[in-house]
Amino acid sequence: TLGSFFTLLAAKMSRSLGWTITAIDFDTVEDHNATNQLYRAAEATAKDAAFVRQALLGLMGLELNELDAQTLAGKICGKFDSGKFKVAALSEIVKELTGAEIDYAVERGGAFFAPSGIAVVLVDRMAARKDIFAASKLRYDVPYYVEARSGGEHALVYGFDPRDPDAIKNYERQ
């Protein structure tokens, strides 16, 4: 939940600071992600939704409520993120809103992965976080590591220099 918003904020600063940002995730956007993350829900005009409703009723005898018609019309119009890789959709949104480009990796991390620049970790699973952190720590070309976690009523964002041994110890104690 927090990672997409942090990435937007960092991207706004990245151009003036000369940063590169790498967002890492392998998950895809689901419709419900648009309610609490930066992803776009299916967007369509009322006219588009009315057309879809009328067409389905006339052609197939299928009746849709207004919300379902709006969602389907948005998908037909291509104005939604559902089904895209989260980091790919986030890259598009960040560019639209800030003009900044972010790098992204659609992968789980692990020993084969070599990030560079600021690592923004958006994954949900602890094993994936550990793999990405292991690949990021003590690398001269990763000046900052950000990991956002949320659940229930709690949210936490870690942000530190993964080249600093004391910062690494503090993070690994968490």
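The structure under discussion appears in the preceding block.
Note that the structure is predicted; figures quoted are calculated from it, not measured. (Residues numbered from 1 in each chain as written. Predicted model: local features only at pLDDT ≥ 70, side-chain atom pairs only at ≥ 80, totals over all residues. Heavy atoms only, no water.)

Asker: Sorry if this is basic, but what is going on with the pattern of salt bridges here?
Answerer: Side chains that differ in charge, positive against negative, can pair when their charged atoms come close. Scanning the entire structure with this criterion turns up eight salt bridges. For Asp27, the salt bridge is made with Lys86, and the minimal N-O distance between the two is 3.7 Å. Of the two residues, Asp27 sits in the loop between β1 (21–25) and α2 (46–60) while Lys86 sits in helix α4 (residues 86–98), which places them 59 residues apart along the sequence. (Salt bridge = Lys/Arg side-chain N within 4 Å of Asp/Glu carboxyl O. Helix = DSSP H or I, 4+ residues; strand = E, 2+ residues; numbered from the N terminus.)

Asker: Sorry, what's going on with the sheet that holds strand β5 (residues 154–160) here?
Answerer: Here five strands make up an open sheet; going across it, the order is β2-β1-β3-β4-β5 and the pairing mixed. Pairing within the sheet leaves two strands with one partner each, and these edge strands are β2 (103–106) and β5. Averaged over all pairs of adjacent strands, the angle between strand axes in this sheet comes to 15°, irrespective of strand direction. As paired elements, strand β3 (residues 118–121) and strand β4 (residues 145–151) share three bridges and run parallel to each other. Across the sheet, the residue bridging to Val121 is Glu147, located in β4. Helix-sheet contacts for helix α1 (residues 2–17) involve β1, β3, β4 and β5, and the interaxial angle to β4 is about 150°. (Pairing = 2+ DSSP bridges. Axes fitted to C-alpha atoms, helices over the stretch in contact; angles between N-to-C directions. Contact = heavy atoms within 4.5 Å.)

Asker: Just to check I follow, could you spell out α4 for this structure?
Answerer: An α-helical turn contains 3.6 residues, so any two residues separated by three or four positions project in the same direction. Here α4 spans 18 Å end to end across 13 residues, near enough to the 18 Å set by a 1.5 Å rise per residue. Taken together, the buried positions of α4 are occupied by Lys86, Val87, Ala88, Ala89, Leu90, Ser91, Ile93, Val94 and Thr98. Summarising the contacts, the buried residues of α4 are in contact with α1, β1 and β2. In the stretch just after α4, Gly99 is the one whose phi turns positive, near 85°. (Expected span 1.5 Å × (residues − 1). Buried < 20%, exposed > 50% of the residue type's maximum accessible area, 1.4 Å probe, protein only.)

Asker: Which parts of the structure should I look at to understand the packing of α1 against α4?
Answerer: The angle between the axes and the distance between the axes are what describe a pair of packed helices. The geometry of α1 relative to α4 is characterised by a closest axis approach of 10 Å and an angle of 45° between their N-to-C directions. With respect to α4, the element α1 is oriented oblique. Seen from above, α1 lies across α4 with right-handed handedness. Each of Ser4, Thr7, Leu8, Ala11, Lys12 and Arg15 in α1 lies in contact with α4, whose residues at this interface are Leu90, Val94, Leu97 and Thr98. Residues of the contact of α1 with α4, tallied by class, amount to five nonpolar, three polar and two charged. (Parallel < 35°, antiparallel > 145°, perpendicular 65-115°, else oblique. Left-handed = near helix turned anticlockwise from the far one by under 90°. Nonpolar A, V, L, I, M, F, W, Y, C, P; charged D, E, K, R; others polar.)

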